[in-house]
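What follows is each chain in one-letter form.
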Amino acid sequence: MDFEFLRDTLMQLLPGVPLTLELAIGSVALGFFLALLLALMRLSGVWILDTIARLYVFAFRGSPLLVQMFLIYYGLGQFPAVRESVLWPILREPYWCALLSLTLCTAAYASEIIRGGLLSVPGGHIEAAYACGMTRQKVFRRIILPVAMRQALPAYGNEMISMVKSTSLASIITLMEITGIVAGIIAETYRALEVFLVAGALYLAINLVLTRLLQWLEYRLTPHLRPQQNLSYVKNTRHAS
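Residues numbered from 1 in each chain as written. Predicted model: local features only at pLDDT ≥ 70, side-chain atom pairs only at ≥ 80, totals over all residues. Heavy atoms only, no water.

**Q** Would you explain helix 1 (residues 3-13) in this entry?
**A** Working note: α-helix, 3.6 residues per turn, so residues spaced by three or four point in the same direction. Phe5, Leu6, Thr9 and Leu13 are the residues of helix 1 that are buried. The buried residues of helix 1 occupy an angular sector of 100° when projected down its axis, which confines them to one face. Residues of helix 1 that are exposed and point more than 90 degrees away from the buried face comprise Phe3 and Glu4. Those residues of helix 1 that are buried lie in contact with helix 2 (17-43), helix 10 (178-189) and helix 11 (192-221). (Buried < 20%, exposed > 50% of the residue type's maximum accessible area, 1.4 Å probe, protein only. Helix = DSSP H or I, 4+ residues; strand = E, 2+ residues; numbered from the N terminus. Arc of directions from axis to C-beta. Contact = heavy atoms within 4.5 Å.)

Put into structure tokens, the structure is as follows:
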């Protein structure tokens with residue numbers, strides 16, 4: 001194992017980290033709002049909205065992300081109406097096509113996670129909020145959504161980690177993020193093992209930081225689940241002694 005080559009490879013891959021993080025953070029942030037909308041459509045009780053959301057989730061969860069990225073990047077340009085529209089300056093750029101495909105894909109998965117979180121909110125919490133005089137909007141903003149996100153955070157964290165890894169597919173449409181730079185180094189050196197080892201370690205480091213942030217956030221959002229010292233038991237024990 002040539003450690004000097006590993007170090008040089010790491011230095012070459014580091015410039016691709018910002019683009020990887022941009023794609024991951026951007027797709028998760030945009031996908032959250034779309035996922036929330038889809039989850040509310042599923043729970044709206046309106047047949048047409050529920051059907052549209054179900055078809056969306058079925059299509060994007062049931063097809064590979066790579067195929068979706070190809071369809072957006074290569075497929076949309078085949079339609080004259082798209083090329084002549086105001087969206088063409090965006091859709092012809094690989095960065096925006098990658099961000100769009102990642103966003104649409106993660107929204108499908110995240111919508112089911114959020115929907116499960118919304119369904120897990122105890123009915124007593126909602127009834128108590130209404131009894132306090134809250135409006136429907138305040139109940140959703142202050143009670144339902146915070147509790148639902150707290151319940152959905154572990155599963156949603158897994159989806160965030162998955163999106164970090166999914167950004168590697170952006171290299172297929174010429175983006176030079178970490179995996180795109182890897183392909184270039186391998187084409188020059190033919191040393192695939194060492195290069196992929198460094199790239200894998202870099203993805204692991206990113207996801208390690210993300211995992212720690214998610215654990216801290218979960219800790220902050222669940223104070224009621226922390227081990228609490230039974231003060232009365234301690235006092236009684238001291239008094240007896």
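**Q** How should the packing of helix 10 against helix 11 be read in this particular structure?
**A** To characterise two packed helices, one gives the angle between the axes of the helices and the distance between these axes. The geometry of helix 10 relative to helix 11 is characterised by a closest axis approach of 9 Å and an angle of 165° between their N-to-C directions. Overall, the two elements helix 10 and helix 11 adopt an arrangement that is roughly antiparallel. Seen along the crossing, helix 10 lies across helix 11 with a hand that is right-handed. The segment helix 10 lies against helix 11, with Ile178, Thr179, Val182, Ile185, Ile186 and Thr189 engaging Ala192, Val195, Phe196, Ala199, Leu202, Tyr203 and Ile206. (Axes fitted to C-alpha atoms, helices over the stretch in contact; angles between N-to-C directions. Parallel < 35°, antiparallel > 145°, perpendicular 65-115°, else oblique. Left-handed = near helix turned anticlockwise from the far one by under 90°.)

**Q** Looking at this structure, how should I read the layout of surface pockets?
**A** Put simply, the largest pocket is a space of about 330 Å³. Elements represented by at least two residues in the lining of the largest pocket include exactly helix 2, helix 7 (94-119), helix 8 (123-131) and helix 9 (136-166). Across the lining of the largest pocket, the residue classes tally to nine nonpolar, one polar and one charged. (1 Å grid on protein atoms, 1.4 Å probe; cavity = no way out; pocket = protein on both sides within 12 Å on 5 of 7 lines; lining within 4 Å. Points joined across faces, edges and corners; volume = space filled by probe spheres on them. Nonpolar A, V, L, I, M, F, W, Y, C, P; charged D, E, K, R; others polar.)

**Q** I would appreciate a short explanation of the nonpolar core in the present structure.
**A** A general trend in soluble globular proteins is that nonpolar side chains are found buried together. The biggest cluster of nonpolar side chains holds 42 residues, and the ones touching the most others in it are Leu23, Tyr56 and Ile114. At the level of elements, helix 2, helix 3 (47-62), helix 4 (65-75), helix 7 and helix 9 are the ones that each hand at least two residues to this core. Looking at this core, the element that brings in the most residues is helix 7, giving twelve residues. Excluding residues within four positions of it along the chain, Leu23 makes contact with Tyr95, Ala98, Leu99, Leu102, Thr167, Ala170 and Leu175. In terms of nonpolar packing, the next biggest core, distinct from the first, is built from 21 residues, Ala24, Val164, Ile206 and Leu214 among them. (Core = buried A, V, L, I, M, F, W, Y, C linked by side-chain atoms within 4.5 Å.)

**Q** Just checking my understanding: could you explain the packing of helix 1 against helix 10 for this structure?
**A** The N-to-C vectors of helix 1 and helix 10 enclose an angle of 135°; their axes lie 9 Å apart at closest approach. By the angle between their axes, helix 1 is oblique relative to helix 10. As for the relative orientation of helix 1 and helix 10, their crossing is right-handed in sense. In this structure, helix 1 contributes Phe5, Thr9, Gln12 and Leu13 to the contact, and helix 10 contributes Ile178, Ile181, Val182, Ile185 and Thr189. Looking at the contact of helix 1 with helix 10 residue by residue, the classes come out as six nonpolar, three polar and no charged.

**Q** It is not clear to me how helix 4 should be interpreted in this structure. Could you clarify?
**A** What helix 4 keeps buried is the set Leu65, Gln68, Met69, Ile72 and Gly75. Lining the buried residues of helix 4 we find helix 3, helix 7 and helix 9.

**Q** Help me out: how do you make sense of the confidence of the model for the protein in this one?
**A** Atomic detail in the predicted coordinates should be set aside for any region of low pLDDT. Taken residue by residue, the protein gives an average pLDDT of 89. The fraction at 70 or more is 93%. With pLDDT under 50 throughout, residues 229-234 is counted as low confidence; its partners more than four residues away or in other chains account for one contact. (pLDDT = per-residue confidence, 0-100.)

**Q** Honestly, the side chain of Glu112 in this entry has me stumped. Any pointers?
**A** Mapped onto the elements of the fold, Glu112 is located in helix 7. Here the side chain of Glu112 touches Arg42 through a polar contact of 2.9 Å, side chain to side chain. Leaving out residues up to four positions away in the same chain, Glu112 has contacts with Arg42, Val57 and Arg61. (Polar contact = N/O pair within 3.5 Å; in protein donor to acceptor, adjacent residues only side chain to side chain.)

**Q** Explain a nonpolar patch on the surface here, please?
**A** Together, Val46, Trp47, Ile48, Leu49 and Ile52 make up an exposed nonpolar region whose accessible area comes to about 490 Å². Residue position: Val46 is located in the loop between helix 2 and helix 3. (Patch = residues over 30% accessible without salt bridge, like charges linked within 9 Å, V, L, I, M, F, W, Y side chains within 5 Å. Areas by Shrake-Rupley, 256 points an atom, 1.4 Å probe, with all protein chains shown as cover. Salt bridge = Lys/Arg side-chain N within 4 Å of Asp/Glu carboxyl O.)

**Q** How should unusual backbone geometry be read in this particular structure?
**A** Where the residue is not glycine, phi is negative for most of them; where a peptide bond is considered, it is trans in most cases. Positive phi is not limited to glycine here, since Thr174 has a value of about 75°. Overall, Thr174 belongs to the exposed group, its relative accessible area being 52%. Backbone geometry at Tyr190 places phi at a positive 60°, although glycine is not the residue there. Here Tyr190 lies in the loop between helix 10 and helix 11. Residue Tyr190 is classed as exposed on the basis of its relative accessible area, which comes to 71%.

**Q** Explain the packing of aromatic side chains to me, please; I cannot follow it from the model alone.
**A** For any pair of aromatic rings, geometry is given as the distance between the ring centres together with the angle between the planes. For the coordinates displayed, the defined rule picks out six aromatic pairs. Between Phe32 and Tyr156, the ring centres sit 6.2 Å apart and the planes meet at 85°, which makes this aromatic pair edge-to-face. Here Tyr156 lies in helix 9 and Phe32 lies in helix 2, a separation of 124 residues in the sequence. When the centroid spacing of 4.5 Å and the interplanar angle of 35° are considered together, the rings of Tyr56 and Phe60 count as tilted. With Tyr56 and Phe60 both in helix 3 and four residues apart, the pair spans about one turn of that helix. Take Tyr56: its relative accessible area is 16%, and that puts it in the buried class. The structure contains a cluster of three or more aromatic residues connected by ring pairs, namely Phe32, Phe33 and Tyr156. (Phe/Tyr/Trp six-rings, centres within 6.5 Å; stacked < 30°, edge-to-face > 60°.)

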